[in-house]
Amino acid sequence: MTPGTPSNPDDLLTDLTPPQIEAVTHRDGPLLVLAGAGSGKTRTITRRVAYLARTGVPARNILAITFTNKAANEMRERIVAAGVGRGPTVCTFHALCARLLREHADRADLPKNYSIFDQSDRLKAIREAVARAELAAERFVPSAVEGVISQAKNQLETAAVYTAEASDWPSRTLARVYTAYEALLAEQNALDFDDLLMRMALLLRRDEELRDRLEDRFRYVLIDEYQDTNHAQYVIAHQLAVKHQNICATGDPDQSIYAWRGADISNIMEFEQDYPQAKVVRLEQNYRSTKAILSAASRLIAANVQRRTKGLWTENPQGDPVRVVECVDADDEADFVAETIAEMAGSRPLSDIAIFYRVNAMTRVLEEALLREGIAYQIARGVEFYNRKEIKDALAYLRIIVNPADEVSLLRIINDPPRGIGKTSVDRLVAQARASGQTVFEAALQADRIDALKRSAPKVKAFAEMVQEWQQQSDAPVRRMLEEMLLDSGMQGVLDRAGLESDQVANVNELITAAQEYDQANPDGSLTEWLQQISLVSDVDSVDESSGAVTLMTLHAAKGLEFPVVLIVGLEDGLLPHARALALRADPSEMEEERRLCFVGMTRAQQVLIMSRARYRTLRGVTERMTQSRFLAELPGDETLTESRRESSDAFDEWSQAAPSEFSRLRKGQLIRHPMFGFGRLTWIDPHGQRTRAGVRFTTGVEKTLILEYAKIQVIKE
DNA sequence: ACGCCAGAAGTTTTT
DNA sequence: CTTCTGGCGT
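Residues numbered from 1 in each chain as written. Chains lettered and ligands numbered in written order. Predicted model: local features only at pLDDT ≥ 70, side-chain atom pairs only at ≥ 80, totals over all residues. Heavy atoms only, no water.

Details of the overall build of chain A
Logical step 1: Scanning chain A for helices and strands turns up 31 helices and 23 strands.
Logical step 2: For chain A, contacts bridging at least 24 residues in sequence account for 74% of all contacts bridging at least 6.
Logical step 3: Put simply, chain A shows about 32300 Å² of open surface, and 49% of that area lies on carbon and sulfur atoms. (Helix = DSSP H or I, 4+ residues; strand = E, 2+ residues; numbered from the N terminus. Contact = heavy atoms within 4.5 Å. Areas by Shrake-Rupley, 256 points an atom, 1.4 Å probe, with all protein chains shown as cover.)

Following this line, the structure appears as structure tokens:
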């Protein structure tokens, strides 16, 4: 279908259910689609976009916001397939903001060529900010400070606002770090991920004229995964929809899994209060999973207290029961996974199969086992590619071409590959820049005038001039720019020495390919735009359905996807739910989020769902006995089938079922005394006869694991 | 100036 | 157990 071809928009409705049709055909005014897992949400949104376009809404007036780039690309393809063309804007919140801030840089009071700082750039800047605020680095762990700043930005609290509101000493001190950090970013023309959202939200609030223009441009706004939007995203969406009120939010509170990142579930829960005229459509029929899978998942999620009950049903066949498999340890579990997949490989393509886990660290054993069985796999971790040293270096070079004020990037590569500019010289150069109020790059250009640099001065100057030469040709195609830079910088030499077979060369080649693809897709593109675009890749963006391989990913990355066969590993207390949610001071809502995470994983499965756990797991070098996840106990017995990889006579079981020992009188919560550490309370006990261990939180605040056979503790009070 | 080694620290999830 | 950092030796 091409634009202009006469067509009946009702063709778009023929295979939809009544509630789906309601959502698709609703024209003006706010719309909330509460879409349960597997209820055809993506299809509904896509159809809605197509329907709007075919019933008179100019395609360019439609904005669809997705959670990942991958989801955006897929939706765009589907919209094109529905005959709408490339008119609608389909992207993530971050990509939208990056683009709009570039387009309206003057109004946003920003340079167009700003750098986007990733996690590690940001941590470096925070360390520097802590130093500048003259605070003890030990007291201010960068990652903790980062969390505070990130949270503030999500709440649209600028450094100035945060400072004004800081009343106690800790927050006043953090306000100083935040202020210093913001100054650092400003000096470097850099934004972090949260800035993209905060800047855009604040800009829309204060610049009425721009808001008005954007409201007219994006007359129809659709937001997917609304349950995982944070406050800043909420404000952006709201500002864009104030005038026309054509906001369509879709989501599922049961699939909210990003509260830790600032997502605010009340955005979706209170949609009807925010938009009193809102029409609400519920999609509760599941088209994805078998009855067995769906009822197991439904039973699990029903254990959440903070939840509006909701029925999810399916007309799909009953299917096989959900298998729960108890393995001996992580290696055994990985073997089980690999063997099971090998058996299935004859009857279905590997790309049908996915393995989910709670933490990335669990991939190693799985990879080894899959390799042994000769099973092709891909791991969803696009971000990791961009964290490789050679990639970060190459991008740092490109970033200073575009934005020479980007000090984090400049310092990263000023002597890499080595060009005789040592640490001392760099320190002196930075000191000179600070003293004269220049950027480090500006100071480097005049290195010959800095006496302190001595013999390295010509090298520094040569480096700066090399960057300047690149700058003069920076409107060349991205790929050519990249290759030129590799050659001139000496990186190519390093790569040549590493050899054609090396990972480094393969990675850089992949980057070159990415650059070339960008050039082809965007004839009017720019290096700036490409750099900003690739700063926003997510793990799942790298997943390729046609790869013919098993897909491995975290449960978080699995959201929005579906696979005929799903294996979820590590169903153990401490892993899923994660130990953090089990901690004594953990908020109960953390446990509920873990349960939703498990629910999300289970509901990705179409036909076969297998969940496994290990009795022993080695984490950071220590083997721990694991108890099964409480979530397994919450599954319905008649829909699940529990199997054990070993007879119960195995040594470990005997060990664990040993006769009650002298430690059997110990109970959780008892007050005890330790000769070295003093008083404390038992937080957990792991009974293994003589080998019984227990966790103790001492009054000093320290928590310790004690092997009771050796630790002579004394019970003070029952 | 540079590379190596040893010790430390940090391990949830990510746009 | 891994990865990174900082210090030390050349």
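Thoughts on the protein's contact with DNA strand B
Logical step 1: Around DNA strand B, the structure places 24 residues, and the nearest of them are Arg358, Asn415, Ser538, Arg580 and Arg620.
Logical step 2: Taking the atoms of DNA strand B that fall within 4 Å of the protein, sugar and phosphate contribute 52% of them.
Logical step 3: Taking Asn415, its side chain carries an N or O atom lying 2.6 Å from a phosphate oxygen of DNA strand B.
Logical step 4: Note that a phosphate oxygen of DNA strand B is positioned 2.8 Å from one of the side-chain N or O atoms of Ser425.
Logical step 5: Of the residues contributing to the surface near DNA strand B, the split by class is seven nonpolar, twelve polar and five charged. (Near = heavy atom within 4 Å. Polar contact = N/O pair within 3.5 Å; in protein donor to acceptor, adjacent residues only side chain to side chain. Nonpolar A, V, L, I, M, F, W, Y, C, P; charged D, E, K, R; others polar.)

Topic: the nonpolar core
Logical step 1: Of all hydrophobic cores here, the largest spans 69 residues; its most connected members are Leu101, Leu196, Met200, Ile236 and Leu240.
Logical step 2: Excluding anything up to four places from it in sequence, Met200 contacts Cys97, Leu100, Leu101, Asp195, Leu214 and Ile236.
Logical step 3: Of all hydrophobic cores here, the second largest spans 51 residues; its members include Ile391, Ile400, Val402 and Leu429. (Core = buried A, V, L, I, M, F, W, Y, C linked by side-chain atoms within 4.5 Å. Buried < 20%, exposed > 50% of the residue type's maximum accessible area, 1.4 Å probe, protein only.)

Points about the pairing of strand S11 (residues 322-329)
Logical step 1: Counting buried positions along S11 gives six out of eight residues, so the element sits mostly inside the fold.
Logical step 2: Bridging between S11 and strand S18 (residues 640-644) involves five bridges; their strand directions are parallel. Counterpart to Val324 in the pairing with S18 is Thr642. (Pairing = 2+ DSSP bridges.)

A look at the sheet that holds strand S3 (residues 89-92)
Logical step 1: Strand order in the open sheet made by the six strands is S3-S2-S6-S7-S1-S8, with parallel pairing throughout. This sheet does not close on itself; its edge strands, each paired only once, are S3 and strand S8 (279-283). Each strand axis lies, on average, 15° off the axis of its neighbour in the sheet, ignoring direction.
Logical step 2: In this sheet, strand S7 (residues 247-251) lies alongside strand S6 (residues 220-223) in parallel orientation, the contact comprising three bridges. Note that in S7 the partner of Val221 across the bridge is Ile247.
Logical step 3: Strands strand S1 (31-35) and S8 of the sheet are contacted by helix H1 (residues 18-25), whose axis makes an angle of about 145° with S8. (Axes fitted to C-alpha atoms, helices over the stretch in contact; angles between N-to-C directions.)

Observations regarding the packing of helix H6 (residues 119-132) against helix H7 (residues 142-154)
Logical step 1: With their axes 9 Å apart at the nearest point, H6 and H7 run at an angle of 105° to one another. The angle between the axes of H6 and H7 places the two elements in the roughly perpendicular class. On H7, the residues that touch Gln119, Arg122, Leu123, Ile126 and Arg127 of H6 are Pro142, Ser143, Val145, Glu146, Ile149 and Ser150. (Parallel < 35°, antiparallel > 145°, perpendicular 65-115°, else oblique.)

Section: the packing of aromatic side chains
Logical step 1: On inspection of all chains with the given rule, the structure shows seven aromatic pairs.
Logical step 2: Note on Tyr226 and Phe271: the rings are 5.8 Å apart at their centroids and 90° apart in plane angle, and the pair reads as edge-to-face. A residue pair is termed long-range when its members are at least 10 positions apart, and Tyr226 in the loop between S6 and helix H12 (231-241) and Phe271 in helix H14 (residues 271-274) qualify at 45 residues. Just as Tyr226 is buried, Phe271 falls in that class too. (Phe/Tyr/Trp six-rings, centres within 6.5 Å; stacked < 30°, edge-to-face > 60°.)

Here we look at the pattern of salt bridges
Any two side chains of opposite charge can pair if their charged atoms end up close together.
Logical step 1: All told, the structure shown has 46 salt bridges when counted by the stated rule.
Logical step 2: The salt bridge involving Lys392 is made with Asp118; its shortest N-O contact spans 3.0 Å. Here Lys392 is found in helix H19 (residues 389-402), whereas its partner Asp118 is found in the loop between strand S4 (115-117) and H6, with 274 residues between them in sequence.
Logical step 3: In this structure Lys392 comes out as buried when scored by relative accessible area, which is 10%.
Logical step 4: For Asp118, a relative accessible area of 17% corresponds to the buried category.
Logical step 5: Ionic pairing is found between Asp406 and Arg399, a salt bridge with its closest N-O pair at 3.1 Å. With respect to class, Asp406 is no different from Arg399; both count as buried. (Salt bridge = Lys/Arg side-chain N within 4 Å of Asp/Glu carboxyl O.)

Quick notes on unusual backbone geometry
Residues other than glycine predominantly adopt negative phi, and peptide bonds predominantly adopt the trans conformation.
Logical step 1: That bond from Leu576 to Pro577 is cis: its omega, 5°, falls within 30 degrees of zero.
Logical step 2: Structurally, Pro577 can be placed in the loop between strand S15 (563-568) and helix H28 (579-582).
Logical step 3: With phi around 50°, Asn189 is a residue other than glycine that occupies positive phi space.
Logical step 4: Counting through the fold element by element, Asn189 comes out in the loop between helix H9 (169-187) and strand S5 (190-192).
Logical step 5: Even without being a glycine, Glu225 presents a positive backbone phi close to 50°.

Points about the packing of helix H24 (residues 478-489) against helix H26 (residues 503-521)
Logical step 1: One can describe the packing of H24 onto H26 by two numbers: an axis separation of 7 Å at closest approach and a directional angle of 150°. By the criterion of interaxial angle, the relationship of H24 to H26 is roughly antiparallel. Counted together, Val478, Arg479, Leu482, Glu483 and Leu486 of H24 and Val508, Leu511, Ile512, Ala515, Gln516, Tyr518 and Asp519 of H26 form the full contact between these two elements.
Logical step 2: Residues of the contact of H24 with H26, tallied by class, amount to eight nonpolar, one polar and three charged.

What to know about the confidence of the model for chain A
Logical step 1: Taken as a whole, chain A shows an average pLDDT of 86; of its residues, 89% reach a score of 70 or greater.
Logical step 2: Confidence drops under a pLDDT of 50 for residues 1-6, and excluding neighbours within four residues, the segment shows four contacts in the predicted structure.
Logical step 3: Within the model, the stretch residues 648-661 combines pLDDT values under 50 with 19 contacts to residues more than four positions away or in other chains. (pLDDT = per-residue confidence, 0-100.)

Section: helix H17 (residues 363-373)
Logical step 1: The set of residues buried in H17 consists of Thr363, Leu366, Glu367, Ala369 and Leu370. Seen end-on, H17 carries its buried residues on one side only, within an arc spanning 170°. Those residues of H17 that are exposed and angled more than 90 degrees off the buried face are Arg364, Leu371 and Arg372.
Logical step 2: Where the residues of H17 are buried, they touch helix H16 (330-344), strand S12 (353-357), strand S13 (377-379) and strand S14 (550-554). (Arc of directions from axis to C-beta.)

A short note on helix H23 (residues 457-472)
Since the α-helix advances by 3.6 residues per turn, residues separated by three or four positions end up pointing in the same direction.
Logical step 1: Between its terminal C-alpha atoms H23 stretches 23 Å, which fits the 22 Å expected from 16 residues at 1.5 Å a residue.
Logical step 2: Within H23, burial applies to Ala457, Val460, Phe463, Ala464, Met466, Val467 and Trp470. (Expected span 1.5 Å × (residues − 1).)

Section: the side chain of Asp194
Logical step 1: Here Asp194 shows up in helix H10 (residues 193-206).
Logical step 2: Within the structure, the side chain of Asp194 is placed 2.7 Å from the side chain of Ser150, a separation counted as a polar contact.
Logical step 3: Here Asp194 is in contact with Arg122, Ser150, Lys153 and Asn154, once residues within four sequence places are set aside.

Observations regarding the state of the cysteines
A disulfide bridge is the covalent bond that connects two cysteines by way of their sulfur atoms.
Logical step 1: In this structure the tally under the stated criterion is zero disulfides.
Logical step 2: We note that Cys97 lacks a disulfide partner, and the nearest cysteine sulfur, in Cys91, lies 8.4 Å from it.
Logical step 3: Cys327 takes part in no disulfide bond, and the closest cysteine sulfur, belonging to Cys598, lies 16 Å away.
Logical step 4: Relative accessible area serves as the criterion here: at 1%, Cys327 is assigned to the buried category. (Disulfide = S-S within 2.5 Å.)

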